[in-house]
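Geometric and topological summary
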Amino acid sequence: MEGQSGSRSTCSRPRGTEPDGRKKKKIPDRVTLKKEIGLLSACTIIIGNIIGSGIFISPKGVLEHSGSVGLALVVWVLGGCIAALGSLCYAELGVTIPKSGGDYSYVTEIFGGLMGFLLLWSAVLIMYPTTLAVIALTFSSYVLQPVFPDCLPPYMATRMLSATCLLLLTWVNCSSVRMATRIQDVFTVGKLLALGLIILVGLVQIVGGNYEALAPPGAFSWDRAPSVGQIALAFLQASFAFSGWNFLNYVTEEVVDPRRNLPRAIYISIPLVTFVYTLTNIAYFSSMSPEELLSSNAVAVTFGEKLLGAFSVVMPISVALSTFGGINGYLFTASRLCFSGAREGHLPSLLAMIHCQSCTPIPALLVCCAATIVILCIGETHNLINYVSFINYLSYGVTIAGLLFYRWKRPGLYRPIKVTLLVPVCYLMFWALLLGFSLYSEPVVCGVGLVIMLTGVPVYFLGVHWKKRPKCIYNFIERATSVGQSLCFVVFPQLDPVEVSGPPEWTDRASGRSSLSAHP
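In this text, all values refer to a predicted model and were calculated from it rather than measured experimentally.

Analysis parameters
Residues numbered from 1 in each chain as written. Predicted model: local features only at pLDDT ≥ 70, side-chain atom pairs only at ≥ 80, totals over all residues. Heavy atoms only, no water. 1 Å grid on protein atoms, 1.4 Å probe; cavity = no way out; pocket = protein on both sides within 12 Å on 5 of 7 lines; lining within 4 Å. Points joined across faces, edges and corners; volume = space filled by probe spheres on them. Helix = DSSP H or I, 4+ residues; strand = E, 2+ residues; numbered from the N terminus. Expected span 1.5 Å × (residues − 1). Polar contact = N/O pair within 3.5 Å; in protein donor to acceptor, adjacent residues only side chain to side chain. Core = buried A, V, L, I, M, F, W, Y, C linked by side-chain atoms within 4.5 Å. Buried < 20%, exposed > 50% of the residue type's maximum accessible area, 1.4 Å probe, protein only. Axes fitted to C-alpha atoms, helices over the stretch in contact; angles between N-to-C directions. Parallel < 35°, antiparallel > 145°, perpendicular 65-115°, else oblique. Left-handed = near helix turned anticlockwise from the far one by under 90°. Contact = heavy atoms within 4.5 Å. Nonpolar A, V, L, I, M, F, W, Y, C, P; charged D, E, K, R; others polar. Salt bridge = Lys/Arg side-chain N within 4 Å of Asp/Glu carboxyl O. Phe/Tyr/Trp six-rings, centres within 6.5 Å; stacked < 30°, edge-to-face > 60°. Patch = residues over 30% accessible without salt bridge, like charges linked within 9 Å, V, L, I, M, F, W, Y side chains within 5 Å. Areas by Shrake-Rupley, 256 points an atom, 1.4 Å probe, with all protein chains shown as cover. pLDDT = per-residue confidence, 0-100.

Description of empty space enclosed by the protein
Under the defined criterion, the tally for this structure stands at four cavities of 30 Å³ or more. In this structure, the largest cavity spans a volume of roughly 100 Å³. In terms of lining, the largest cavity is formed by 13 residues, of which the most central are D103, L119, A123, Y250 and S395. Sorting the residues of the lining of the largest cavity by element identifies helix 5 (103-111), helix 6 (113-144) and helix 16 (381-409) as the ones contributing at least two each. No other element matches helix 6, which puts six residues into the lining of the largest cavity. By volume, the second largest cavity is sized at about 80 Å³. Contributing to the lining of the second largest cavity are G79, I82, A83, S239, F242, W245, Y393, Y396 and Y427.

Next comes the structure, spelled out in structure tokens:
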């Protein structure tokens with residue numbers, strides 16, 4: 001797990017022709033991550049990772065805990081507002097610390113290597129592979145549903161189709177960043193069109209007078225008033241539906257003009273998703289009673305069967321397409337987390353290398369794919385996702401608390417975006433409230449999540465902090481890295497001098513001291 005040396009900026013490249021006389025594919029003069037994510041692709045990465053299968057399958061969790069239709073809609077709107085507050089903080093961090101890796105890179109920069117490694121450890125070991133496995137299984141279940149209409153699809157069939165989907169998208173991401181982002185663009189548009197169909201049908205129902213559940217007298221009626229704990233659990237359900245709002249920060253170095261496009265993408269995507277989620281729930285309630293919604297395991301499918309008639313097959317297909325795009329987005333961002341961790345010396349250096357021709361992090365993508373297939377074989381995906389959801393939510397709060405600490409630690413640092421102090425404070429207050437109720441209601445789940453995270457402490461000291469290891473270990477790592485380079489045709493990326501230099505300094509003429517300004 002050694003870091004990288006200064007020699008990585010140069011790499012030897014094979015020249016000449018193949019044995020059969022064919023010319024080799026042209027290798028770029030600079031081997032570096034390509035900036036191919038424009039504003040549209042940046043928006044689709046955020047929207048595509050937020051909108052997964054949840055809004056199609058189980059929005060009933062919010063209704064179940066809130067107790068009424070009106071309060072459920074309020075929770076959805078406020079859930080989007082909370083995600084917006086968090087994304088504003090991440091926008092400041094993303095342009096202040098312009099590194100790929102998201103939470104991990106920011107926590108490592110602010111709090112040091114151990115804290116960053118613990119986030120990286122839990123994410124790479126369980127969090128991302130488990131999430132990818134769950135999304136892939138959802139995809140295969142809905143693809144196979146028409147083949148097995150009267151029963152659940154066979155266990156092995158769902159696993160095999162999930163693994164095939166993962167391998168296909170891993171190949172796409174290894175081949176080209178542009179191809180991967182185009183797939184993300186297309187499938188995100190498909191998700192929005194499917195939700196647009198639900199919203200349109202719902203509006204037709206409302207215009208036709210079918211809005212009893214939405215009328216003010218009945219919207220806020222409940223058999224029993226929800227407790228504060230139940231409302232907190234409803235917010236947790238909504239927060240889970242909005243998870244993924246920070247994923248663009250994992251690929252900052254591949255965004256074209258990140259200081260402009262990263263915040264713009266956030267400002268466009270989060271309000272759009274909140275608007276679509278709210279209208280989708282209104283559409284559900286326009287045609288389904290609260291009792292029908294609570295009894296459904298796949299709300300969108302039930303909605304389609306009730307209103308779309310022969311076209312109801314559109315809903316399972318929409319869920320499958322949505323999850324397919326979600327797998328692509330998670331693979332794309334998770335591999336960049338591995339890449340960032342290896343570049344900091346927290347993972348094997350092979351994972352910090354990119355392909356000489358396509359400039360994609362092939363070793364990191366292969367590791368993400370392999371870890372997900374292992375989780376698929378284990379089978380206990382839903383138990384694991386409960387454990388790591390707590391860690392995921394914990395990382396949000398630690399990162400945003402780091403923003404406040406970083407302002408105190410580096411007050412003169414150049415910040416192209418600087419949100420008002422009220423934004424991170426409000427988010428942290430809400431975060432602490434939900435975290436407290438999570439610990440109170442699910443102490444075992446939260447405790448296991450913390451234990452999983454803390455198992456990274458001895459790994460950090462043995463694998464990263466311990467420098468005087470036996471020479472045989474270094475020889476083994478060097479040999480394994482060399483073999484991996486030969487198999488994957490990868491090298492360390494060249495760093496742009498602008499990327500490694502510090503932020504611009506300016507001189508305060510009044511005081512005669514040198515400082516760092518938030519505005520040049």
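Brief notes about helix 8 (residues 177-207)
With 31 residues, helix 8 extends 44 Å from end C-alpha to end C-alpha; this agrees with the ideal 45 Å at 1.5 Å per step. The N-cap of helix 8, judged by a side-chain oxygen 3.1 Å from the amide nitrogen of R178 a few residues on, is S176. G209 lies just past helix 8 and shows a positive phi near 95°.

Here's the deal with the nonpolar core
Considering soluble globular proteins, one finds that nonpolar side chains tend to be buried as a cluster. Formed by 139 residues in total, the largest nonpolar core has its most connected members in F56, I198, L248, Y277 and I327. With 15 residues, helix 6 is the single largest residue contributor to this core.

So, the side chain of D185
As for its placement among the helices and strands, D185 is situated in helix 8. A polar contact is formed between the side chain of D185 and the side chain of S41, at a distance of 3.3 Å.

Let's talk about the packing of helix 5 against helix 6
Two quantities define a packed helix pair, namely the angle between the axes and the distance from one axis to the other. Put simply, helix 5 and helix 6 touch, their axes get as near as 7 Å, and they point 160° apart. Taken together, helix 5 and helix 6 sit at an angle that is classed as roughly antiparallel. Considering only the axes of helix 5 and helix 6, their crossing is right-handed. On the side of helix 5, the interface is formed by D103, Y104, V107, T108 and F111, while helix 6 contributes G113, M115, G116, F117, L119 and L120. Split by residue class, the contact of helix 5 with helix 6 holds seven nonpolar, three polar and one charged.

A look at the pattern of salt bridges
Under the counting rule described, the total for this entry stands at nine salt bridges. Salt-bridge contacts for R343 lead to E253; the nearest nitrogen and oxygen are separated by 2.5 Å. One end of the pair, R343, is in helix 14 (residues 314-343); the other, E253, is in the loop between helix 10 (228-241) and helix 11 (258-287), with 90 residues separating them in the sequence. Taken individually, R343 and E253 each receive the classification buried, so the pair is uniform in this respect. One salt bridge connects E292 with K306, and the closest N-O pair in it is separated by 2.9 Å.

Overview of helix 4 (residues 69-96)
Under the 1.5 Å per step criterion, the end-to-end length of helix 4 is 41 Å for 28 residues, consistent within 8% with the ideal 40 Å. The buried fraction of helix 4 is high, at 21 of 28 residues.

Re the packing of aromatic side chains
Applying the stated criterion across every chain yields a total of 22 aromatic pairs. Geometrically, the ring pair formed by W76 and F242 is tilted, given 6.3 Å between the ring centres and 55° between the ring planes. Of the two residues, W76 is situated in helix 4 and F242 in the loop between helix 10 and helix 11; the sequence distance between them amounts to 166 residues. With a relative accessible area of 3%, W76 lands in the buried category. Ring centres of Y128 and Y250 lie 6.1 Å apart, and the angle between their planes is 80°; this geometry places the pair in the edge-to-face category. Here Y128, found in helix 6, pairs with Y250, found in the loop between helix 10 and helix 11; they are 122 residues apart in sequence, far enough to count as distant. Assigned by exposure class, Y128 and Y250 land together as buried. Cluster of aromatic residues (ring-pair linked, three or more members): Y90, Y106, W245, Y393, Y396 and Y427.

Here we look at a nonpolar patch on the surface
Taken together, F111, M115, F405 and W408 make up a surface patch of nonpolar side chains, about 430 Å² in accessible area. With respect to the helices and strands, the residue F405 is situated in helix 16. The class for F405 is partly exposed, based on a relative accessible area of 32%.

Some remarks on the side chain of S162
Within the secondary structure, S162 is located in helix 7 (residues 155-175). Here the side chain of S162 touches T158 through a polar contact of 2.7 Å, landing on its backbone oxygen. The contact partners of S162, leaving out residues within four places of it in the chain, are A136, L137, S140 and L376.

Side note on the confidence of the model for the protein
Averaged over the protein, the pLDDT score is 81; the fraction of residues at 70 or greater is 85%. For the protein, the element scoring lowest by mean pLDDT is strand 4 (residues 513-516), at 33; helix 7 scores highest, at 93. Note on residues 1-19: pLDDT under 50 across the span, and 44 contacts to partners over four residues away in sequence or across chains. Counting interchain partners and residues more than four positions distant, the pLDDT-below-50 stretch residues 497-520 has 32 contacts.

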